[in-house]
Amino acid sequence: AQSVTQLGSHVSVSEGALVLLRCNYSSSVPPYLFWYVQYPNQGLQLLLKYTTGATLVKGINGFEAEFKKSETSFHLTKPSAHMSDAAEYFCAARGSTLGRLYFGRGTQLTVWP
Amino acid sequence: NAGVTQTPKFQVLKTGQSMTLQCAQDMNHNSMYWYRQDPGMGLRLIYYSASEGTTDKGEVPNGYNVSRLNKREFSLRLESAAPSQTSVYFCASSEEVHNNQPQHFGDGTRLSIL
């Protein structure tokens, strides 16, 4: 079974600072990988998804994620945080069989002015 | 374009009451899912339907039943609500279960069981 670990349940940055949210997956075969964002009282919105063969995936709102097979990681970054980025972020992985989507426990991003 | 629509948005029940959460999607997706979200737990899959006419258990199916009414609609039923089922419930849909297409989520139903 797939598992997804997000390191750090809370991350705080200043506006304009680099955002780094960490995600590691457990699998010997790279699964399908996704990052979702959840704003208060809303559902999850897709930020980006991993495409086989790519190492850097670009998403919406200036976010991107780097896939590192050797580290089984898919960390999310944004060069310059904005107040509107404050939200909860979820990393998710879908294995190559069955198709179930496994979610990490989420990272709450706070952006200070 | 509505995407995934969930009703109701909020509900308070007493222990032992029953309730059905409704979900409909207008994207012609084959697969639909029900999740629950609890603080610090991420999203956990309750049930899913790979295609019309099929349903399967997820991680946490106990205390729930589902019905895939047609291709558009997938309902979740709590037969005898318990306080442990207080949660935010999300419905999602995707083109297929076995590909890299993302799931699309509704805005959730916030359910409190007293």
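Scroll up for the structure.
Residues numbered from 1 in each chain as written. Chains lettered and ligands numbered in written order. Predicted model: local features only at pLDDT ≥ 70, side-chain atom pairs only at ≥ 80, totals over all residues. Heavy atoms only, no water.

S.K.: Can you explain the overall build of chain B? Please cite residues and give values.
M.R.: The number of helices and strands found in chain B is zero helices and 11 strands. Counting helices and strands in the order they occur from the N terminus, chain B gives β-β-β-β-β-β-β-β-β-β-β. The C-alpha atoms of chain B give a radius of gyration of 13 Å, which matches the 13 Å a tight globule of 114 residues would have. Overall size of chain B, expressed as C-alpha extent along the three principal axes, is 40 × 25 × 25 Å. Out of the 114 residues in chain B, the part that is buried amounts to 49%. In chain B, the proportion of contacts linking residues at least 24 apart, taken out of those at least 6 apart, comes to 56%. Put simply, chain B shows about 5100 Å² of open surface, and 47% of that area lies on carbon and sulfur atoms. (Helix = DSSP H or I, 4+ residues; strand = E, 2+ residues; numbered from the N terminus. Rg over C-alpha atoms; globule rule 2.2 N^0.38 Å. Buried < 20%, exposed > 50% of the residue type's maximum accessible area, 1.4 Å probe, protein only. Contact = heavy atoms within 4.5 Å. Areas by Shrake-Rupley, 256 points an atom, 1.4 Å probe, with all protein chains shown as cover.)

S.K.: Can you break down the overall build of chain A residue by residue, with the values?
M.R.: What chain A contains, in helices and strands, is zero helices and 11 strands. Moving toward the C terminus, one meets the helices and strands of chain A in the order β-β-β-β-β-β-β-β-β-β-β. Its C-alpha atoms give chain A a radius of gyration of 13 Å, within 12% of the compact-globule value 13 Å for 113 residues. Expressed as lengths along the three principal axes of its C-alpha atoms, the size of chain A is roughly 45 × 30 × 20 Å.

S.K.: Explain the state of the cysteines to me, using residue names and the numbers behind them.
M.R.: Two cysteines form a disulfide when their sulfur atoms are joined by a covalent bond. Residues and elements named next belong to chain A. Inspection of the entire model under this criterion finds two disulfides over all chains. The partner cysteine of Cys23 in its disulfide is Cys91, sulfur to sulfur 1.9 Å. Linking Cys23 and Cys91, the disulfide has an S-S dihedral of approximately -65° and is accordingly described as left-handed. Residue Cys23 is found in strand β3 (residues 19–26), and its partner Cys91 is found in strand β9 (residues 87–94); the two are separated by 68 residues along the sequence. (Disulfide = S-S within 2.5 Å.)

S.K.: Please set out the sheet that holds strand β7 (residues 64–68) of chain B residue by residue, giving values where relevant.
M.R.: Residues and elements named next belong to chain B. Across the sheet, which stays open at both edges, the four strands sit in the order β1-β3-β8-β7 with antiparallel pairing between neighbours. If you trace the sheet from one side to the other, it starts and ends with β1 (4–7) and β7, each paired once. This sheet shows a mean twist of 20° between the axes of neighbouring strands, independent of strand direction. One ladder, built from five bridges, connects β7 with strand β8 (residues 74–78); its direction is antiparallel. In the strand pairing of β8, Ser67 is matched with Ser75. (Pairing = 2+ DSSP bridges. Axes fitted to C-alpha atoms, helices over the stretch in contact; angles between N-to-C directions.)

S.K.: Explain the nonpolar core to me, and be specific about the residues and the numbers.
M.R.: Judged by nonpolar contacts, the single largest core of 28 residues is most densely connected at A:Trp35, A:Leu47, A:Leu48, A:Phe74, A:Leu76 and A:Tyr89. Counting only elements with at least two residues in this core, the list comes to β2 (10–14), β3, β4 (32–38), β5 (44–49), β7 (64–68), β8 (73–78), β9 and β11 (107–112) of chain A. B:Val4, B:Met32, B:Leu78 and B:Cys91 belong to the second-largest nonpolar core, a separate cluster that totals 19 residues. (Core = buried A, V, L, I, M, F, W, Y, C linked by side-chain atoms within 4.5 Å.)

S.K.: I'd like a rundown of the environment of B:Gly106, residues and numbers included.
M.R.: The residue B:Gly106 is located in the loop between β10 (104–105) and β11 (109–113) in this model. The buried category is assigned to B:Gly106, whose relative accessible area is 0%. The spatial distance from the C-alpha of B:Gly106 to the C-alpha of B:Ser67 is 17 Å, given a sequence separation of 39 residues. Sequence-distant contacts of B:Gly106, defined by excluding residues within four places in its chain, comprise A:Gly43, A:Leu44, B:Val4, B:Gln6, B:Phe90 and B:Cys91.

S.K.: For the interface of chain A and chain B, give the residues involved together with the corresponding values.
M.R.: Contact with chain A, which involves 22 residues of that partner, is made by 25 residues of chain B. Each partner contributes to the roughly 1900 Å² buried at the junction of chain A and chain B, and carbon and sulfur atoms together form 51% of this total. Of all residues in chain A, A:Arg94, A:Arg100 and A:Arg105 give up the largest surface area on contact with chain B, accounting jointly for 27% of the area buried on that side. For the interface between chain A and chain B, the tally reads zero salt bridges. At the junction of chain A with chain B, the criterion picks out four residue pairs in polar contact (both at pLDDT 80 or more). When residues of the side of chain A that touches chain B are traced back to their parent elements, those giving at least two are β4, β5, β9 and β10 (101–103) of chain A. The element best represented in the side of chain A that touches chain B is β4(A), accounting for four residues. (Buried area = accessible area lost by both parts, 1.4 Å probe. Salt bridge = Lys/Arg side-chain N within 4 Å of Asp/Glu carboxyl O. Polar contact = N/O pair within 3.5 Å; in protein donor to acceptor, adjacent residues only side chain to side chain.)

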